[in-house]
Amino acid sequence: MTKKIVLPPQAGKPSDVERIKLESNYLRGSLAQSLTEQISSGINDDDNRLMKFHGSYLQDDRDLRNERQRQKLEPAYQFMVRVRAPGGIATPAQWLVMDDLANKYGNGTLKLTTRQSFQMHGILKWNMKKNVQEINAALMDTLAACGDVNRNVMCNPNPYQSDIHAEVYELARELSEYLSPRTQAYHEIWLDGEKVVNSQEVEVEPMYGELYLPRKFKIGLAVPPSNDIDVFSQDLGMIAILEDDQLVGFNIAVGGGMGMTHGDAATYPQLARVIGFCTPDKIIEVAEKVITIQRDYGNRSVRKYARFKYTVDTKGLEWIASELNNRLGWDLEAARAYRFEHNGDRYGWIKGNDGKWHYTLFIENGRVRDVDGYPLMTGLREIANIHTGDFRLSPNQNLVISNVTSQKKKEIVELLERHNMTDGAHHSALRRSSMSCVAFPTCGLAMAEAERYLPLLVDKIEVLLDESGLRDKEIVIRMSGCPNGCSRPALGEIAFIGKAPGKYNMYVGASFAGDRLNKIYRENVGEEEILALLKPLLAQYAKERLEGEHFGDFVIRSGHVNAVQNGLDFHDEVASTNA
Amino acid sequence: MTLQVMNSPFNEQQVALLNQLLPALTETQQIWLGGYLSARQIEKTPSESSSTAVLEAQEIVEKVITKEVTILFGSQTGNAQALAGKLTKNLQAKNFNVTLTSMNDFKVNTLKKIDNLLLIVSTHGEGDPPDTALPFYEFLLGKRAPRLENLQYSVLALGDSSYEYFCHTGKEFDERLLELGAKQLSPRVDCDLDFDEPAEEWFATVLVALNHLQGSHSAVDQQAVTGEDASAEAEYSRTNPFKAEILENLNLNGRGSNKETRHIELSLEGSNLQFEPGDSLGVYPQNDPELVDALIAELSWNGDDPVAVNKQGTFRPLREALLSTVEITVLTKPLLQKLAELTANPALKELVVAGKERELKDYMYGRDLLDVVRDFAPWQVPACEFIAILRKIPARLYSIASSQKANPDEVHLTVGTLRYEAHDRQRLGVCSGELALRAQPGDHLSVYVQSNQNFRLPANPNTPIIMIGPGTGIAPFRAFLEEREEIGAEGKTWLFFGDQHYTTDFLYQTEWQRFAKEGILTQIDVAFSRDTADKVYVQHRMLEKSQELFEWLEEGAVLYVCGDEKHMAADVHDTLETILQDEGGLNAKEAADYLAEMQQQKRYQRDVY
Ligand code: SRM
Ligand SMILES: Cc1cc2nc3c(=O)[nH]c(=O)nc-3n(C[C@H](O)[C@H](O)[C@H](O)COP(=O)(O)OP(=O)(O)OC[C@H]3O[C@@H](n4cnc5c(N)ncnc54)[C@H](O)[C@@H]3O)c2cc1C
Ligand SMILES: Cc1cc2nc3c(=O)[nH]c(=O)nc-3n(C[C@H](O)[C@H](O)[C@H](O)COP(=O)(O)O)c2cc1C
Ligand code: SF4
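Note that this is a predicted model, so its numbers are computed, not measured. (Residues numbered from 1 in each chain as written. Chains lettered and ligands numbered in written order. Predicted model: local features only at pLDDT ≥ 70, side-chain atom pairs only at ≥ 80, totals over all residues. Heavy atoms only, no water.)

Re the overall build of chain A
Secondary structure summary: chain A contains 17 helices and 22 strands in total. Against the compact-globule benchmark of 25 Å for 579 residues, chain A has a radius of gyration of 23 Å, which places it among compact chains. Each principal axis of the C-alpha distribution contributes one length, and for chain A these read about 70 × 55 × 55 Å. Classification of the 579 residues of chain A by burial places 60% in the buried group. (Helix = DSSP H or I, 4+ residues; strand = E, 2+ residues; numbered from the N terminus. Rg over C-alpha atoms; globule rule 2.2 N^0.38 Å. Buried < 20%, exposed > 50% of the residue type's maximum accessible area, 1.4 Å probe, protein only.)

And the structure:
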């Protein structure tokens, strides 16, 4: 039993969230009461902060906000619930539960997220408890899906090397398990677990402590050549090293992140940097120590500077590496060689080396719903009803129907066809490489549309692609409704970050493999300008590109933007063409 | 002395008749006739009620007369009360010693001591007495009622002929008093919604009878009887409504709701109309122009033809009259009987014959004049004749939803839009439909204040109040809380609200939230019936909190119920009885008495419709 964790003193007055955590008695706060209070379908701000640790956010339908205010009604409050799925793996039974809950309590859709978890939107306060209990009964949970803790651990769904995947996934699961909060609050509040009284001396959270982390913390495991999880966008990235097809260990990369704040150059997207190598049996220990460094030194005063990437950049990479070695009591080995080729998904059927089949289904922006002529949600439900393998949520918001036996394959193909579900082959390769965050109407931070708009924008871009004969050229395009960058836009060869309704900052020049950030190309542009800007770029790319040259590399070679070597340079001297 | 042409204004024939008649009359009859004739002069139009008065004149007996008169009223929405007040003024002006009391303040044991009783009572529910009349009603119609040989009385019954039990309560009182041996001072008059004229006539005959009993020959002074003292006309009132500008008209139900509830703000600037929380606002609606035009077309009338819109003979163009003067949406038995005379179609006559009541009722439900006109053609009726038999369009009452202290010069309403399909036509409530579809900010509505003494905040601001108001029943409680805030009342407040869906139908939600935050609303419990599989209503929430609720009642809390009469009010009442039994250990009888007692003490007040 550990003693209470005491943090080293820090400059600056602690942020309000720190107070809330401190007073919350390990994430309890007054949530239990707030959830039953009748006068509002929302909950108070303090409890909402804590709610995030329980995997849910209070939101409101922003489409209705103003109109309801006039009607003397409070905002249309509803909860978003995020269900963790380490490595994005869910059984057919679990899929069916998600589907059922989304329809029973939610808005009838499921969102497959950029971190391989499930989200449901539109759940009313009165249904939250039932909802969480049913999720729990399906052996899934929402604890720590959000909040200042370690988030859903990502891992490449990798259908190719089945054996490697099994190994890496198992590690992701163990990490996720080990790094979960230990508080009983979750069981008390949602699962009617009986109240435990926390003794004053004993530490309930042996790793986190009662203040948890200064900010969210994200871990992802990549298996080259695929960088689909965008390993360099993680606070802690682990790159699997394979030697003669055996997993020998992981390169450790630290300090990545996408988020920034418009107009604050002290905030920036950053890529994680490799500091060494360790064997698979060590990674939990490594993760724990890295997290405790961030726990002790992360900025607890200003939340927008609190992510690990800023801790790394202020303390310096060397300091972090040596501090880590100290805490481990042994040194990381020298990093090993690896090579990433792409960060997108590979669609359609492929056969794993264990003879099982895997089908990667294109799901535009990860939104699972039924629409006229495209009953996606129903189709997946019917597949889940007969599927004997598993489902894997991809880091690009797509879905892999995994471990299909040759016998079952026919049936599933049949169901796919019956519901017009495809690998998206009829779409442009650009659309199949597109990704967008949620944004309006549910996201409280959205400044511009994203999920609802990107598909329409792509329709128009596809016209340009056809003009230049680029329909089958993979170009990674991403859109986020605000600079938080939930669709990892800083790693898009073409990217849009919302500034105001209908207005975006446009970025280009990230690498196809997700190891170079993009650069601002134009500020505050609307659809017309966007298309006007893209038309010549695409035309020129079609004509002048070198053999196998990707769009992101091309715009740099042809001088449209400068390459960003380090997040610290993200905001500097914008390329001349932008004058 | 005998009459001669010389000493009288009569011609020979008249003199002969009079000389023949007068000696034959008893003294009483002569005196009565004197009074009657003088009263006749002031009556603008001779009416059924006064002529029947002549027939029943004989019934009046000789006895020693006092100037003591007791006026007893039973009123729910204030009409009877207003009339009682008016009559009091008139009689006092004639030096009568008047005792005016509401039935619920009336000491029943004093009944035997009374000589002259004037009873004004309305009917509510399905032929039920007004809440405030209940204790007296039960006493009088019950076994404990004493013999009343010495009592002389007259009843003015208020009602609405579109209800099956028209003026039922008034009739019951009348019959019961006779049964108990009391004598009719003058015959009962039953008033329909446009009750002013019949009420005036009743006043007149009553006054005559009283005068006569006093043996007073004083000519009846018109002013006092009609009570229309000069100033009254200047003031805005039900008979002289104020044209209030609409300031705001918005839908309180969020997108996706099955309901539409309008929040309406009107300007009272310049009206100097005063009101208290608990009062209602009368609104004179306009009929739906489409319905009016359909009617005109159906009868191939000309909308511009002038028609008389009152007995005084004011003329207005037909279309205008149909829009704003007469009622064309509600069918009543008397109306159909009159219409039966105007159509060549025998079917209508067959429908209104005695014994066919059930068929008639079924026919009338959900139908309007247009249906009748279509179903029973052909009609060869000049518009003027047709219009003459229609009722005046009655004002609709709306519980005032604002406090005048909080919003001087304004009055707010909460109006549920009434939409329904009947006999394969989409139908709209006349007034709520107008407010939802046509009334725009800037337009004007004819309104008046209907005071309601039976729905009042406790005089003591520290007294706790419990407010039960699902749906539009919430309206007066918004006024209550605004008022309590203005006067800085300290007393606890507890609101029960319910509707269909939390997200779309929580009327005035943000205001309750503010009241709660500021401590003006102590507690709120809500029930939304369509959010869960098993329907929950306010009474279920009351049961969940029964212990606390009982404690509040024991602490002397005043309990208010407003809204739907048919189901809600009754369910809430039963629930209260249950709570009193469960928490107070009372038996059924005791629980009922407890509530009756509360009603008596004005600690249980209802504004239901
Ligand atoms: C659902 C999801 C986007 C999607 O379309 O898939 C998402 C949605 C939201 N993100 Fe995110 N983020 C999601 C992945 C990301 C990623 C990508 C990643 O993690 O690989 C990032 C960039 C990486 C990073 O963290 O730097 C990301 C960076 C943020 C940030 C900025 C954090 C920062 O420190 O810079 C915020 C705002 C915050 O935390 O204050 C945020 C906040 C949010 C919130 C909860 C808005 C809020 O705080 O009120 C969004 C909920 C919208 C909604 O209505 O559902 N989200 N968010 C992704 C869910 C991931 C998961 O399953 O856990
Ligand atoms: C004291 C008092 C206070 C009131 N306060 C309020 C208030 O605060 N808010 C409010 O909204 N209302 C209130 N009302 C009710 C209001 O006065 C009107 O009765 C209501 O608005 C309907 O009037 P209308 O002109 O719109 O409908 P009308 O044209 O008068 O139609 C009403 C009639 O339509 C018929 N009808 C209704 N539904 C059907 C059906 N499904 N099938 C067939 N026929 C049907 C019934 O005969 C009903 O009487 C109050 C009433 C009273 C007496
Ligand atoms: C809810 C309700 C029910 C009514 N029921 C009847 C009834 O059954 N019979 C009747 O003759 N009048 C009925 N009326 C009409 C009233 O008696 C009439 O409006 C009367 O003028 C009200 O007088 P008051 O304001 O003194 O209560 C009813 C009115 C309301 C609002
Ligand atoms: S990027 Fe911004 S708008 Fe998009 S989901 Fe994240 S927080 Fe919301």
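Points about the overall build of chain B
In terms of helices and strands, chain B carries 24 helices and 21 strands. Counting all 609 residues of chain B, 55% fall into the buried class. Considering only residue pairs separated by 6 or more positions, chain B has 76% of its internal contacts joining residues 24 or more positions apart. For chain B, the accessible surface area stands at approximately 26,900 Å², while carbon and sulfur atoms represent 51% of it. (Contact = heavy atoms within 4.5 Å. Areas by Shrake-Rupley, 256 points an atom, 1.4 Å probe, with all protein chains shown as cover.)

Some thoughts on the site of ligand 2
Residue and element names in this part refer to chain B. If you check the shell around ligand 2, you find 20 residues, and the closest are Arg396, Leu397, Thr414, Cys431 and Ser432. Here Leu397 contributes a backbone N or O atom positioned 2.6 Å from an oxygen atom of ligand 2. Here Gly416 contributes a backbone N or O atom positioned 2.9 Å from an oxygen atom of ligand 2. Within the complex, the protein chains bury 72% of what would otherwise be the 980 Å² of accessible surface of ligand 2. At the level of secondary structure, the elements contributing two or more residues to the shell around ligand 2 comprise β12 (396-399), β13 (410-416) and α17 (430-438). The dominant element in the shell around ligand 2, judged by the number of residues it contributes, is β12, at four residues. (Near = heavy atom within 4 Å. Polar contact = N/O pair within 3.5 Å; in protein donor to acceptor, adjacent residues only side chain to side chain.)

Let's talk about unusual backbone geometry
Residue Pro441(A) is reached from Phe440(A) by a cis peptide bond, and omega for that bond is 0°. By secondary structure assignment, the location of Pro441(A) is in the loop between β18 (434-436) and α15 (454-468). Here the bond from Ala377(B) into Pro378(B) is cis, since omega is 0°, no more than 30 degrees from zero. Positionally, Pro378(B) belongs in the loop between α15 (369-375) and α16 (383-388). Although it is not a glycine, Gln116(A) sits at a positive phi angle of roughly 65°.

Quick word on the sheet that holds strand β6 (residues 154-155) of chain A
Residue and element names in this part refer to chain A. With mixed pairing, five strands are arranged side by side in an open sheet as β6-β7-β8-β9-β10. Each edge of the open sheet carries a strand with a single partner, namely β6 and β10 (273-278). Direction of pairing for β6 relative to strand β7 (residues 219-222): parallel, over a ladder of two bridges. Following the sheet pairing, Met154 is matched in β7 by Gly220. Helix α9 (residues 283-297) rests against β7, β8 (236-243), β9 (246-254) and β10 of the sheet, and its axis sits at about 160° to β8. (Pairing = 2+ DSSP bridges. Axes fitted to C-alpha atoms, helices over the stretch in contact; angles between N-to-C directions.)

Looking at the interface of chain B and chain A
Contact with chain B, which involves 24 residues of that partner, is made by 16 residues of chain A. Both sides of the chain B and chain A interface together cover about 1,600 Å² of buried area, and 51% of this is carbon and sulfur. Looking at the side of chain B facing chain A, the largest losses of area belong to Arg255(B), Tyr502(B) and Thr503(B), adding up to 35% of the total buried there. Counting every contact that joins chain B to chain A gives two salt bridges. The salt bridge involving Lys72(A) is made with Glu511(B); its shortest N-O contact spans 3.1 Å. Our enumeration of links across chain B and chain A arrives at 17 residue pairs in polar contact (both at pLDDT 80 or more). Counting residues per element, the ones that place at least two in the side of chain B that touches chain A are β7 (242-251), α19 (502-505), α20 (509-517) and β19 (523-528) of chain B. (Buried area = accessible area lost by both parts, 1.4 Å probe. Salt bridge = Lys/Arg side-chain N within 4 Å of Asp/Glu carboxyl O.)

Remarks on the packing of aromatic side chains
One pass over the full model with this rule turns up 43 aromatic pairs over all chains. Seen in terms of ring centroids, Trp349(A) and Trp357(A) are 6.3 Å apart; in terms of plane orientation they differ by 85°. Their pairing is edge-to-face. By the ring-pair criterion, three or more aromatic residues cluster together here, those being Trp126(A), Phe497(B), Tyr502(B), Phe506(B) and Phe528(B). The ring of Trp552(B) carries Lys492(B) above its face, with NZ or CZ at 4.1 Å from the centroid. (Phe/Tyr/Trp six-rings, centres within 6.5 Å; stacked < 30°, edge-to-face > 60°. Lys NZ or Arg CZ within 6 Å of the ring centre and 35° of its normal.)

Thoughts on the packing of helix α7 (residues 162-178) of chain A against α9(A)
Residues and elements named next belong to chain A. In the contact formed by α7 and α9, the axes pass within 10 Å of each other and the chain directions differ by 40°. Relative to α9, α7 is oriented oblique. When you trace α7 past α9, the crossing you get is right-handed. For the pair α7 and α9, the contacting residues are Leu171, Glu174, Leu175 and Tyr178 in the first and Ile283, Ile284, Ala287 and Glu288 in the second. A class-by-class count of the residues in the contact of α7 with α9 yields six nonpolar, no polar and two charged. (Parallel < 35°, antiparallel > 145°, perpendicular 65-115°, else oblique. Left-handed = near helix turned anticlockwise from the far one by under 90°. Nonpolar A, V, L, I, M, F, W, Y, C, P; charged D, E, K, R; others polar.)

Concerning the site of ligand 3
Residues and elements named next belong to chain B. Around ligand 3, the structure places 22 residues, and the nearest of them are Ser75, Thr77, Ala80, Thr123 and His124. Separating an oxygen atom of ligand 3 from a side-chain N or O atom of Thr77 is a distance of 2.3 Å. Burial of ligand 3 by the surrounding chains reaches 92%, relative to a free accessible area of 640 Å². Across the shell around ligand 3, the residue classes break down as eight nonpolar, 11 polar and three charged.

Points about the sheet that holds strand β2 (residues 77-83) of chain A
In a beta sheet, neighbouring strands pair by backbone hydrogen bonds and run either parallel or antiparallel. Residues and elements named next belong to chain A. Spatial ordering of the open sheet is given by β1-β2-β5-β4-β13, a layout of five strands whose pairing is antiparallel. Across the chains shown, the open sheet's two edge strands, defined by having one partner strand only, are β1 (56-60) and β13 (367-368). Note: β1 against β2, five bridges, orientation antiparallel. Opposite Tyr57, over in β2, you have Met80 as the bridge partner. Against the sheet, helix α3 (residues 45-53) touches β1 and β2, its axis set at about 130° to β1.

A look at the pairing of strand β19 (residues 477-480) of chain A
Residues and elements named next belong to chain A. A two-sided burial pattern is seen for β19, the buried positions comprising Ile477 and Met479 on one face and Arg478 and Ser480 on the other. As judged from the three bridges shared by β18 and β19, these two strands associate in the parallel manner. Residue Met435 lies in a different strand from β19, and its bridge partner there is Arg478. Regarding topology, α15 serves as the crossover connection from β18 to the parallel β19, and that connection is left-handed. By the bridge criterion, four bridges tie β19 to strand β20 (residues 494-500) in an arrangement that is parallel. Within β20, the position partnered with Ile477 by the bridge is Ile494. (Right-handed = clockwise from strand over helix to strand, strands pointing away.)

Some words on the confidence of the model for chain A
Residue-level pLDDT values for chain A average 95, and 99% of them are 70 or greater. Contacts of residues 575-579 of chain A to residues separated by more than four positions or lying in other chains number 11 contacts, the stretch itself having pLDDT below 50. (pLDDT = per-residue confidence, 0-100.)

Comments concerning the environment of Gly127(B)
Mapping Gly127(B) onto the fold places it in the loop between β3 (116-122) and α5 (134-141). In the structure, Gly127(B) is positioned 13 residues away from Ile114(B) in sequence and 27 Å away in space, judged by C-alpha atoms.

What about the nonpolar core?
Side chains of nonpolar character tend, in soluble globular proteins, to be buried together. Of all hydrophobic cores here, the largest spans 93 residues; its most connected members are Trp95(A), Phe118(A), Ile219(A) and Leu221(A). Leu322(B), Leu370(B), Val373(B) and Phe376(B) belong to the second-largest nonpolar core, a separate cluster that totals 38 residues. (Core = buried A, V, L, I, M, F, W, Y, C linked by side-chain atoms within 4.5 Å.)

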